[in-house]
Amino acid sequence: MIKWLMSLIFPVPKRKRSGLVLVPYKAADALLADGWTIAPEEDNNHVIGIVYLELLDKTN
């Protein structure tokens, strides 16, 4: 509960997404090494062998 109250007083700024891609696993390995992260859309992805990746803006 304290964490929730603190989030109301001091909200954590969200980083903006500068890129979103849907790629096969092999390409995802290379992109993850370059700083891409797994996107929240991956939770709803039911396609085997394909992954959603996002690139977050570094300025925020």
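Here, every reference points to the structure presented above.
Residue positions are given per chain, counted from 1 along the sequence in the order it is written. In keeping with the predicted nature of the model, local features appear solely for residues at pLDDT of at least 70, side-chain atom pairs appear and are counted solely at 80 or more, and the whole-chain, interface and lining totals rest on all residues. As a rule here, side-chain values cover all heavy atoms of the structure and leave hydrogens and water aside.

Student: It is not clear to me how the overall build of the protein should be interpreted in this structure. Could you clarify?
Tutor: Assigned secondary structure in the protein consists of two helices and three strands. For this measure, only C-alpha atoms enter the radius of gyration; the expected value for a globule follows 2.2 Å times N^0.38, where N is the number of residues. A compact globule built from 60 residues would reach a C-alpha radius of gyration of about 10 Å, whereas the protein, at 15 Å, exceeds it by more than 25%. Taking the principal axes of its C-alpha atoms as reference, the protein extends roughly 40 × 30 × 15 Å. Counting every position in the protein, which comprises 60 residues, the buried fraction comes to 15%. When contacts within the protein are restricted to residue pairs at least 6 apart in sequence, long-range pairs at least 24 apart make up 53% of them. For the accessible areas, the method is Shrake-Rupley and the probe is 1.4 Å, while residue cover comes only from the protein chains on display. Within the structure as shown, the protein displays about 5,100 Å² of accessible surface, and the carbon and sulfur contribution to it stands at 65%. Charge centroids of the protein, computed over 7 positive and 7 negative side chains, lie 7 Å from each other. The helix count covers DSSP runs of H or I at least four residues long, the strand count covers runs of E at least two residues long, and both are numbered beginning at the N terminus. Residue burial is assigned from relative accessible area. The probe radius is 1.4 Å, only protein chains are included, and a residue is buried under 20% of its type maximum, exposed over 50%, and partly exposed in between. The criterion used for residue contact is that any of the two residues' heavy atoms lie within 4.5 Å. Charged residues are defined narrowly, with Lys and Arg counted positive, Asp and Glu counted negative, and His plus the chain ends left uncounted. Taken as the charge location is NZ of Lys, CZ of Arg, CG of Asp or CD of Glu.

Student: Hey, could you run me through the side chain of N45 in this one?
Tutor: Examined against the element boundaries, N45 turns out to sit in the loop between strand 2 (37–38) and strand 3 (50–56). Classification of N45 as buried rests on a relative accessible area of 16%. Definition of a polar contact: a pair of N or O atoms within 3.5 Å, with one able to donate and the other able to accept a hydrogen when the atoms are protein atoms, and with sequence-neighbouring residues admitted only if both atoms are side-chain atoms. A polar atom in the side chain of N45 sits 3.0 Å from the backbone nitrogen of V47. Not counting chain neighbours up to four residues away, the residues in contact with N45 comprise I50, V51 and Y52.

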